[in-house]
Amino acid sequence: MGRLRSTGDASGIYIGLMSGTSLDGISAAAARFTARDGGVAAELLAFVHAPYDESRRERMLAAMSGVDAREYCRLAYDLGDWLADAANDCLAAAGLTPSDVVAVASHGQTIWHEPGHSTWQLGEPAVIAERTGISVVANFRARDMAAGGQGAPLVPIADSMLFARQDDWRGLQNLGGIGNVTLVPPGGATDGLRAFDTGPGVGVIDAVTRRLVPALPYDVGGALAARGRAVDSAVDDALRDPYFSAPPPKSTGRELFGAAYADRLIAACRAGRPGATAEDCVATAVALTARSIGDAFARFVTEPVHELVLSGGGARNPALVSAISRALPRLTVRSFDALFFDGEAKEAVAFALLGYLHVSRLPGNVPGATGARGPRVLGQWVPA
């Protein structure tokens, strides 16, 4: 891989756990990694998704707004239990036993992320280790931030090692709660690899939907947006937020693009078009995500990228995919599912890879993406 020498062959099976900003649930992926020709080959063995019920989602939303010390303490351990449940379900789905797995790599749930200062993920790794009988690697973002980085995005190392084209540049756009893009050179070279958060993914779309149509957790199949008409003036106003014009490296989260942001977008829709319907407001949120990605490419992407591969929950929203295609008419927009495997598993596989890199004593950050002073081995080890 050309950055640090491994201390030994860490090939084997890892389970990656991911709970993202969309708060839809926990993704767990079992993947086998094999050192090969100076790089690594990956095989997805099993993937499970454990949706959050409303009470769990509300607890985490409340924690992001501020709760007492007791609730933070209890939530950290409860979330460790939920993550362990997902890991054990993934073990069963793959037909594995704990002794088959080198480590569980857990991202946990980001409660607060403040680029330039600190980051905080809950989900007690000791609980996961105890409940699964497998060693755990966790707290991946902290070391990059200690080295002056943004602590995000961390998926680019997987994008370069596992999902590159051999003959051309490729853009990989994740559409979780937050949108982020990785620009991967031919062959997955790390020189020139860049990544940054483009802004909202589906987080604002979901928040607008839940606010206006409480019976829906999100805009299922993009049906609401398809019936609506975006309020362009509201999108124009939203894109004036300084985040969008700030140059990479940069990262963001619910601290900026959360429920309060969604409420302001709804108000702007109604001010810009009196009588705007719920469908119009959801369509406006879709347009904001799509145009923010188009704007990011126009401002910051000078690499010769001709193809953009979409993954994450937003890649299953036809209205959003169509809007992104319109915002980037010169690019071929493709589905991650069609090229590799279930795109919902991508981030969990990426964290499984970070676990593999930790055990190999190889760096997991990309300084060109995070702004860190240099490559660092990420994560902290909790033995079984």
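See the structure shown above.
Source: prediction; values computed, not measured.

Turning to the overall build of the protein, a few remarks are in order. Within the protein one finds 15 helices and 12 strands. Computed over its C-alpha atoms, the radius of gyration of the protein comes to 20 Å, within 12% of the 21 Å expected for a compact globule of 384 residues. Taken along its principal axes, the extent of the C-alpha atoms in the protein is 65 × 50 × 40 Å. Accessible surface, the protein as shown: approximately 14900 Å² in total, 51% of it carbon and sulfur.

Generally speaking, nonpolar side chains in soluble globular proteins are found buried as a group. One finds V204, V208, L265, L288, F297, L308 and I324 to be the most contacted residues of the largest nonpolar core, which totals 49 residues. Apart from residues lying up to four places away in sequence, L308 is in contact with G171, L172, Q173, V181, F297, I324, L328, L331, T332, V333 and R334. F33, V40, I157 and A348 belong to the second largest nonpolar core, which has 38 residues in total.

Moving on: the pattern of salt bridges. In the structure shown here, the tally under the stated rule is 20 salt bridges. Residue R194 is joined to E303 by a salt bridge in which the shortest nitrogen-to-oxygen separation is 2.8 Å. Pair noted here: R194 is in strand β9 (residues 194-200) and E303 is in the loop between α11 (278-300) and β10 (307-311), with a separation of 109 residues, a long-range link. When salt bridges with common partners are traced through the structure, they connect R165, D167, R170, E307 and R334 into a single cluster.

Further remarks concern the pairing of strand β7 (residues 170-175). Of all 6 residues in β7, 6 are buried; the element is thus mostly enclosed. What you see with β7 is no split at all: R170, L172 and N174 on one side and G171, Q173 and L175 on the other are buried throughout. As paired elements, β7 and strand β8 (residues 178-184) share 6 bridges and run antiparallel to each other. Bridging across to β8, Q173 finds its partner in V181. Linkage of β7 to β8, two consecutive antiparallel strands, is achieved through a turn of 2 residues. Both β7 and β10 contribute to a ladder of 4 bridges, which runs parallel. Bridge pairing links G171 to L308 in β10.

Looking now at the packing of helix α6 (residues 203-212) against helix α10 (residues 259-272). Contact geometry for α6 and α10: axes closest at 9 Å, N-to-C directions at 70°. By the angle between their directions, the pair α6 and α10 is classed as roughly perpendicular. Helix-helix and strand crossings are classified by hand; for α6 and α10 the assignment is right-handed. Here V204, A207, V208, R211 and L212 of α6 lie close against α10, whose contacting residues are A259, Y261, A262, D263, L265, I266 and R270. Looking at the contact of α6 with α10 residue by residue, the class counts come to 9 nonpolar, no polar and 3 charged.

Here the focus is the sheet that holds β9. Strand order in the open sheet made by the 5 strands is β9-β8-β7-β10-β11, with mixed pairing throughout. Single-partner strands in this sheet number two, and they are β9 and β11 (332-335). Neighbour-to-neighbour, the strand axes of this sheet turn through a mean angle of 25°, independent of strand direction. Taken strand by strand, α11 contacts β7, β8, β9 and β10, and its axis lies near 145° from that of β9.

Bringing the layout of surface pockets into the picture now. The space that makes up the second largest pocket amounts to roughly 500 Å³. Elements represented by at least two residues in the lining of the second largest pocket include exactly α1 (54-65), β4 (101-114), α6 and α10. Here the lining of the second largest pocket takes 6 residues from α10, the largest share from any one element.

Tracing the sequence through the fold places D144 in helix α4 (residues 141-146). No salt bridge is formed by the buried D144; its nearest oppositely charged neighbour, R376, is found at 7.7 Å. Engagement of the side chain of D144 in a polar contact is seen with the backbone nitrogen of G151, the distance being 2.8 Å.

A few words on the packing of aromatic side chains. Enumeration over the complete set of coordinates arrives at 16 aromatic pairs. Aromatic side chains F163 and F336 sit 5.0 Å apart centroid to centroid with 80° between the ring planes, which places their arrangement in the edge-to-face category. Of the two residues, F163 sits in the loop between α5 (156-162) and β7 while F336 sits in helix α13 (residues 336-339), which places them 173 residues apart along the sequence. Both residues of the pair, F163 and F336, count as buried. An aromatic cluster is present here, built from F163, F336, F340 and F341 joined pairwise through their rings. Its end group placed over the ring of Y243, K250 keeps NZ or CZ at 4.4 Å from the ring centre.

Following A152, the chain continues to P153 via a peptide bond in cis, the omega torsion being -10°. Here P153 is to be found in the loop between α4 and α5. The amide bond that connects P248 to the next residue, P249, takes the cis arrangement and shows omega of 0°. Positive phi, normally seen in glycine, also occurs at L23, with a value near 55°. Assignment of secondary structure puts L23 in the loop between β1 (12-19) and β2 (25-36).

Thresholds applied
Residues numbered from 1 in each chain as written. Predicted model: local features only at pLDDT ≥ 70, side-chain atom pairs only at ≥ 80, totals over all residues. Heavy atoms only, no water. Helix = DSSP H or I, 4+ residues; strand = E, 2+ residues; numbered from the N terminus. Rg over C-alpha atoms; globule rule 2.2 N^0.38 Å. Areas by Shrake-Rupley, 256 points an atom, 1.4 Å probe, with all protein chains shown as cover. Core = buried A, V, L, I, M, F, W, Y, C linked by side-chain atoms within 4.5 Å. Buried < 20%, exposed > 50% of the residue type's maximum accessible area, 1.4 Å probe, protein only. Contact = heavy atoms within 4.5 Å. Salt bridge = Lys/Arg side-chain N within 4 Å of Asp/Glu carboxyl O. Pairing = 2+ DSSP bridges. Axes fitted to C-alpha atoms, helices over the stretch in contact; angles between N-to-C directions. Parallel < 35°, antiparallel > 145°, perpendicular 65-115°, else oblique. Left-handed = near helix turned anticlockwise from the far one by under 90°. Nonpolar A, V, L, I, M, F, W, Y, C, P; charged D, E, K, R; others polar. 1 Å grid on protein atoms, 1.4 Å probe; cavity = no way out; pocket = protein on both sides within 12 Å on 5 of 7 lines; lining within 4 Å. Points joined across faces, edges and corners; volume = space filled by probe spheres on them. Lys, Arg positive; Asp, Glu negative; His and termini not counted. Polar contact = N/O pair within 3.5 Å; in protein donor to acceptor, adjacent residues only side chain to side chain. Phe/Tyr/Trp six-rings, centres within 6.5 Å; stacked < 30°, edge-to-face > 60°. Lys NZ or Arg CZ within 6 Å of the ring centre and 35° of its normal.

Honestly, it's all geometry; don't read function into it.
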